Amino acid sequence: MGEAKVHYNYLDKQFRVGGSLVKQILEDIEGLVKTGQFTLGPQVAKFEKEFAKICGVKYAIGINSGTDALILILRALGIGLGDEVITQPNSFIATANAIRFVGARPVFVDVFDDYMIDHFQVEKAITFKTKAILPVHLTGNPAGLVSISEIAKRRNLFLIEDACQAIDSSVDGKMAGSWGVAGAFSLHPLKNLNVWGDGGMITTDDDELAMNVTLMRNHGLETRDDCVMVAGNCRLHTIQAVVGLRLVPDVSRISEIRIINAAIYNKYLAGVDGVKLPPRFANVRQVYHTFVIQVEKRDELQKFLECNGVEAKIHYPIPIHLQKPYLEMGYKLGDFPVCEAQAKTIISLPIHQYLSVLQIMKVINLVKKFYGAKAV
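Here is a short report on the structure shown in this document. A quick note: this is a predicted structure, and the numbers were derived from the prediction, not measured.

Description of the nonpolar core
- Among the nonpolar cores identified, the biggest contains 34 residues, and Ile86, Phe108, Ile117, Val122, Ile133, Tyr326 and Tyr331 are the most heavily contacted of them.
- Broken down by secondary-structure element, the contributors of at least two residues to this core are strand E3 (105–108), helix H6 (119–125) and helix H7 (145–154).
- A total of four residues in this core trace back to one element, the largest contributor, which is H7.
- Apart from residues lying up to four places away in sequence, Tyr326 is in contact with Ile93, Ala96, Asn97, Arg100, Pro106, Phe108, Ile320, His321 and Tyr331.

Side note on the packing of helix H10 (residues 251–269) against helix H14 (residues 357–370)
- Where H10 contacts H14, the two axes come as close as 10 Å, and the packing angle between them is 30°. Compared by their axis directions, H10 and H14 come out roughly parallel. Once H10 is placed against H14, the crossing between them reads as right-handed. Counting all contacts with H10, which are made through Asn261, Ile264, Tyr265, Tyr268 and Leu269, the residues of H14 involved are Val357, Ile360, Met361, Val363, Ile364, Val367 and Lys368.

Section: helix H9 (residues 238–247)
- Of all 10 residues in H9, seven are buried; the element is thus mostly enclosed.
- Of all the residues in H9, the buried ones are Thr238, Gln240, Ala241, Val242, Val243, Gly244 and Leu247.
- The inward-facing, buried residues of H9 contact helix H2 (19–35), helix H3 (42–55) and H10.

Some words on the pattern of salt bridges
- Overall, the coordinates contain 19 salt bridges when judged by the stated rule.
- Of the charged contacts in the structure, one is a salt bridge between Asp168 and Arg285, with a shortest N-O distance of 2.7 Å. Taken together, the residues Asp168 in the loop between strand E5 (158–162) and strand E6 (170–171) and Arg285 in strand E11 (residues 284–285) connect sequence positions 117 residues apart. Comparing Asp168 with Arg285, the two get one shared label, buried.
- Through salt bridges with shared partners, a single ionic network connects Glu123, Glu150, Arg154 and Arg155.

Quick word on the packing of aromatic side chains
- Throughout the structure, instances matching the rule amount to 12 aromatic pairs.
- Centre to centre, the rings of Phe108 and Tyr326 are 5.9 Å apart; their planes meet at 70°, and the pair counts as edge-to-face. You can see Phe108 sitting in strand E3 and its partner Tyr326 sitting in helix H12 (residues 324–327), a full 218 residues away along the chain.
- The buried category is assigned to Phe108, whose relative accessible area is 4%.
- Here Tyr326 falls in the buried class, since its relative accessible area comes to 0%.
- When the centroid spacing of 4.7 Å and the interplanar angle of 25° are considered together, the rings of Tyr265 and Phe291 count as stacked. Linking Tyr265 in helix H10 with Phe291 in strand E12 (residues 291–295), this pair joins segments that are 26 residues apart in sequence.

Focus on the sheet that holds strand E8 (residues 182–186)
- Taken in spatial order, the seven strands make up an open sheet running E1-E9-E8-E5-E4-E2-E3, and their pairing is mixed. Each edge of the sheet is formed by a strand with only one pairing partner; in this case those strands are strand E1 (59–63) and E3. Neighbour to neighbour, the strand axes of the sheet diverge by 25° on average, direction disregarded.
- Direction of pairing for strand E2 (residues 84–87) relative to strand E4 (residues 130–133): parallel, over a ladder of three bridges. Within the sheet, the bridge partner assigned to Glu84 lies in E4 and is Thr130.
- Helix H4 (residues 66–76) contacts E1, E2, E5, E8 and strand E9 (200–204) of the sheet and is inclined by roughly 160° relative to E8.
- Contacts from H7 reach E4 and E5 within the one sheet, and its direction differs from that of E5 by about 150°.

What counts as what
- Within each chain, residues carry numbers counting from 1 in the order of the written sequence.
- Where local features are concerned, this predicted model is filtered to residues with pLDDT of at least 70; where side-chain atom pairs are given and counted, the filter is 80 or more; whole-chain, interface and lining totals use all residues.
- Values reported for side chains reflect all heavy atoms of the structure, with hydrogen atoms and water molecules removed beforehand.
- Think of a nonpolar core as a cluster: buried Ala, Val, Leu, Ile, Met, Phe, Trp, Tyr and Cys residues, connected wherever their side-chain atoms sit within 4.5 Å.
- For every residue, the accessible area obtained with a 1.4 Å probe (protein chains only) is divided by the maximum for its type, and the residue is called buried under 20%, exposed over 50%, and partly exposed between those limits.
- Strands are runs of DSSP state E lasting at least two residues, helices are runs of H or I lasting at least four, and both sets are numbered from the N terminus onward.
- Contacts are residue-level and defined by heavy atoms, with any inter-residue pair within 4.5 Å sufficient.
- Lines are fitted to the C-alpha atoms to define the axes, a helix being fitted only along its stretch in contact, and any angle between axes, read from their N-to-C directions, falls within 0 to 180 degrees.
- An angle counts as roughly parallel when it lies under 35 degrees, as roughly antiparallel when it exceeds 145, as roughly perpendicular when it falls between 65 and 115, and as oblique in every other case.
- Working rule for handedness: look at the near helix, and if it is turned counterclockwise from the far one by less than a right angle, call the crossing left-handed; if clockwise, right-handed.
- Put simply, a salt bridge is a Lys or Arg side-chain nitrogen that is within 4 Å of an Asp or Glu carboxyl oxygen.
- Aromatic pairing here means that ring centres of Phe, Tyr or Trp (its six-membered ring) are within 6.5 Å. Orientation follows from the plane angle: under 30 degrees is stacked, over 60 is edge-to-face, and everything else is tilted.
- For two strands to pair, DSSP has to find at least two bridges joining them.

Structural data, given as structure tokens:
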């Protein structure tokens, strides 16, 4: 059955398995130290160029986190006090917090069975205050971008992609981060392209937006001495770009392994009573930042797996609209029944690229055993 413990977090494995890669990165960092170019060194521009290629866009701008990537996009588009941005309540809290941070109001709508934003509800939520639609590509699954982009164009709204979990994903061959006016990405250590700490990227084909967020990440400085706007410090550190440059060539391979791992889960968990798999679509390349299914007796299953050496997580147990800052806005239990029902049944199984087939089969057979199904 493989190793005794099947970890959800793969970082320790990354360092043990990728020893030569780690050594190369440390050597690169040593070279950076000798130059002293820690702030917007040439590696940042090189990493941005490589990231833009992955996403099929003209520009990628390195930012210090996916959250600040969202904030800078919103600010660069002039979205603020009195404006509304439509998004979904089942994301990580950072999505809605970014909207609140710029003074705008997040307007939540419910989600489909695949956890993506319900574009039918998006249409109904648009008001004269709406300035943007901000879908979240949860689980590495790009949201229904064909329908949402059509709505945004027809209603003259900005489409901003929260692609923080979806590097290397696509719909109809068009990459996440290239559908809207801009995309926000996270380079958090658990992403399929990661750095050694926090990091983020903004992608866009818009010349003016690219110029503005580039200024906004660095105090509004046009040159070392000339400030042209009031802004803060949201730079991607050069040391993180050094790490990212070593990992960029591996992104596609990592995505493919995760896709294969997901296919194994889908094959053997399909039809198990008590387990509900989300729908999959042939035109979507889902890169499986997480592998989220819905199950009966979720908490009991999670404990059962843990007792048998399998670490599982929940993303996310409390929807955003039921968190304290959003209850204070007037949202309440019952507002988004699909999202709320999912929050009680979702569980994330290990999916990372370092899992062996034996380890995946161990997870599958434990799930089957819990629900009284025949082992593989």
